[in-house]
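# Summary of structural features
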Amino acid sequence: MNLLSAQPQTRQASTLDDSMVPAINIVFLLLIFFMIAGRIEATSDQLIIPTSVSETALAHSEAEIKIAADGVIVLNTQTMHSAADLLAALGKLALNKQLLVTCHIHKELPAKALDPVLSAVRKLGIKKLNIATQVQL
Amino acid sequence: MSKLYLSKIQRWLPVLLDLPKPRKQSISITPLIDVIFILLFFFMLSSTFTQQKQFEIKTAASSGQPQPLLISHKILLLDARQLQLDKQLYQYNSRELAALLQGFIERDESVKVAALDNVKVQVLLRFIDQISALGNIKLSLSESVSQ
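I will try to describe carefully the structure that is included in this document. (Residues numbered from 1 in each chain as written. Chains lettered and ligands numbered in written order. Predicted model: local features only at pLDDT ≥ 70, side-chain atom pairs only at ≥ 80, totals over all residues. Heavy atoms only, no water.)

### Structural notes on the interface of chain B and chain A
Accessible area lost when the parts come together is the quantity often used to give the size of an interface. The partner chain A presents 52 residues to the 42 residues of chain B that form the contact. Carbon and sulfur atoms make up 64% of the area that chain B and chain A hide from each other, which totals about 4400 Å². In terms of surface lost to chain A, no three residues of chain B exceed Q52, K53 and Q54 of chain B, which account for 18% of the buried area on that side. In this structure, E108 of chain A engages K120 of chain B in a salt bridge whose closest nitrogen and oxygen atoms are separated by 2.8 Å. Where chain B meets chain A, there are 16 residue pairs in polar contact (both at pLDDT 80 or more). Those elements giving two or more residues to the side of chain B that touches chain A turn out to be helix 2 (30-46), strand 1 (47-48), strand 2 (52-59) and helix 4 (121-132) of chain B. Here the element with the most residues in the side of chain B that touches chain A is helix 2 of chain B; it accounts for nine residues. When grouped by side-chain class, the residues that make up the side of chain B that touches chain A number 21 nonpolar, 13 polar and eight charged. Pairing of strand 1 (residues 39-40) of chain A with strand 1 of chain B involves two bridges; the strand directions are antiparallel. Of the residues in strand 1 of chain B, the one forming a bridge with R39 of chain A is T48 of chain B. (Contact = heavy atoms within 4.5 Å. Buried area = accessible area lost by both parts, 1.4 Å probe. Salt bridge = Lys/Arg side-chain N within 4 Å of Asp/Glu carboxyl O. Polar contact = N/O pair within 3.5 Å; in protein donor to acceptor, adjacent residues only side chain to side chain. Helix = DSSP H or I, 4+ residues; strand = E, 2+ residues; numbered from the N terminus. Nonpolar A, V, L, I, M, F, W, Y, C, P; charged D, E, K, R; others polar. Pairing = 2+ DSSP bridges.)

Laid out in structure tokens, this is it:
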């Protein structure tokens, strides 16, 4: 009996394998799509940037300031403990060249949170400040 | 020696007994598919598709030099609906405000924008968005004003 039943089982298994092939193909396509089109970045509820209708793509800048929901200011991965720290650190970066400053600020923060950055760029004579935004979907 | 005999038996036994030829052992692709699925879930969950843009704003430093010929107006955002333009109260979406701002653009007059310290950053940027849509306005951003 075992010998008789062996043949259909094999056929059934191979049919199952064959029917899985399109699924595997789609999974591969999805994987390739997400790998190419997606961008992996550390996202956090603590830093949701504001939305705008701006069409200008975010440019790389030498000074990236991040202000999270708790108000902590980070300049290029270095935490700033006060506005004076930020001014000093930005001053070092702005020594030899016209510094491009980009600020990523949490959208729910009050405008007051932007003051240390505005104050520092004004004191250093930096004329333009880029604020990172995201496209409103 | 025993290995040689065993391999010969394995080879000729199916022929002698008229059994189906033993299939070549193939590598199972099931673990591969598992790994692919795990990779797929990882990329699906960790990828972001939001396009980051930037908003270029002039700081007070750019208009800090005394320019006697340049007329400058002051806008103070009070909350998510109202603002003061040269100490006059306006609604964000009022036609009067839009007409005034349009006039500033035509006469090449500049506007300094500040917000009360409790106004949210999103509100501030939405307003800058709104007035930038009117035309090429000379706009600079100043520090917040405490209530």
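Structure's up, so let's keep going.
### Side note on the nonpolar core
Residues I65 and L90 of chain A are the most contacted members of the largest nonpolar core, which totals 54 residues. The element best represented in this core is helix 4 of chain B, accounting for seven residues. When residues no more than four places from it in sequence are discounted, the contact partners of L90 of chain A are A63, I65, L75, L99, V101, A120, V121 and L124 of chain A. In this structure, V27 and F34 of chain A together with I36 and L40 of chain B belong to the second largest nonpolar core, which totals six residues. (Core = buried A, V, L, I, M, F, W, Y, C linked by side-chain atoms within 4.5 Å. Buried < 20%, exposed > 50% of the residue type's maximum accessible area, 1.4 Å probe, protein only.)

### Points about helix 2 of chain B
With 17 residues, helix 2 of chain B extends 24 Å between its outermost C-alpha atoms, agreeing within 8% with the 24 Å of an ideal straight helix rising 1.5 Å per residue. Taken together, the buried positions of helix 2 of chain B are I33, I36, L40, F43 and S46 of chain B. (Expected span 1.5 Å × (residues − 1).)

### What about unusual backbone geometry?
Most peptide bonds take the trans form, and the phi angle of most residues other than glycine is negative. Residues and elements named next belong to chain B. Phi is positive for K87, close to 70°, though the residue is something other than glycine. In this fold, K87 is placed in the loop between strand 4 (82-85) and strand 5 (88-91). You can call K87 exposed: its relative accessible area is 74%. If you check the backbone angles, D108 has positive phi at about 60° while not being a glycine. Mapped onto the secondary structure, D108 falls in the loop between helix 3 (95-106) and strand 6 (110-115).

### Some points on the pairing of strand 6 of chain B
Residue and element names in this part refer to chain B. Of all six residues that make up strand 6, five are buried, and the element is covered over most of its length. In terms of strand pairing, strand 3 (residues 72-77) meets strand 6 through six bridges, oriented parallel. In the sheet register, K74 faces strand 6, and the bridge partner there is K112. Direction of pairing for strand 6 relative to strand 7 (residues 138-141): parallel, over a ladder of four bridges. By the bridge assignment for strand 7, V111 is matched with L139.

### Digging into the pairing of strand 7 (residues 128-135) of chain A
Among the eight residues of strand 7 of chain A, six are classified as buried, and the element is accordingly described as predominantly covered. Pairing of strand 2 (residues 51-52) of chain A with strand 7 of chain A involves two bridges; the strand directions are parallel. When the sheet's bridge partners are listed, T51 of chain A is paired in strand 7 of chain A with Q134 of chain A. Sheet analysis places strand 6 (residues 101-105) of chain A next to strand 7 of chain A, joined by three bridges and oriented parallel. Paired with V101 of chain A across the two strands is L129 of chain A, which belongs to strand 7 of chain A. In this sheet, strand 2 of chain B lies alongside strand 7 of chain A in antiparallel orientation, the contact comprising seven bridges. Each bridged residue has a counterpart across the sheet, and for N130 of chain A the counterpart in strand 2 of chain B is E56 of chain B.

### Observations concerning the packing of aromatic side chains
Residue and element names in this part refer to chain B. Here the structure, examined in full by the defined rule, presents four aromatic pairs over all chains. Judged by centre distance (5.2 Å) and plane angle (75°), the ring pair of F42 and F43 falls under edge-to-face. Taken together, a centroid distance of 5.3 Å and an interplanar angle of 45° make the contact between Y92 and F127 tilted. On the criterion of sequence distance, the pair formed by Y92 in the loop between strand 5 and helix 3 and F127 in helix 4 is long-range, its members being 35 residues apart. Residue Y92 is classed as buried on the basis of its relative accessible area of 9%. (Phe/Tyr/Trp six-rings, centres within 6.5 Å; stacked < 30°, edge-to-face > 60°.)

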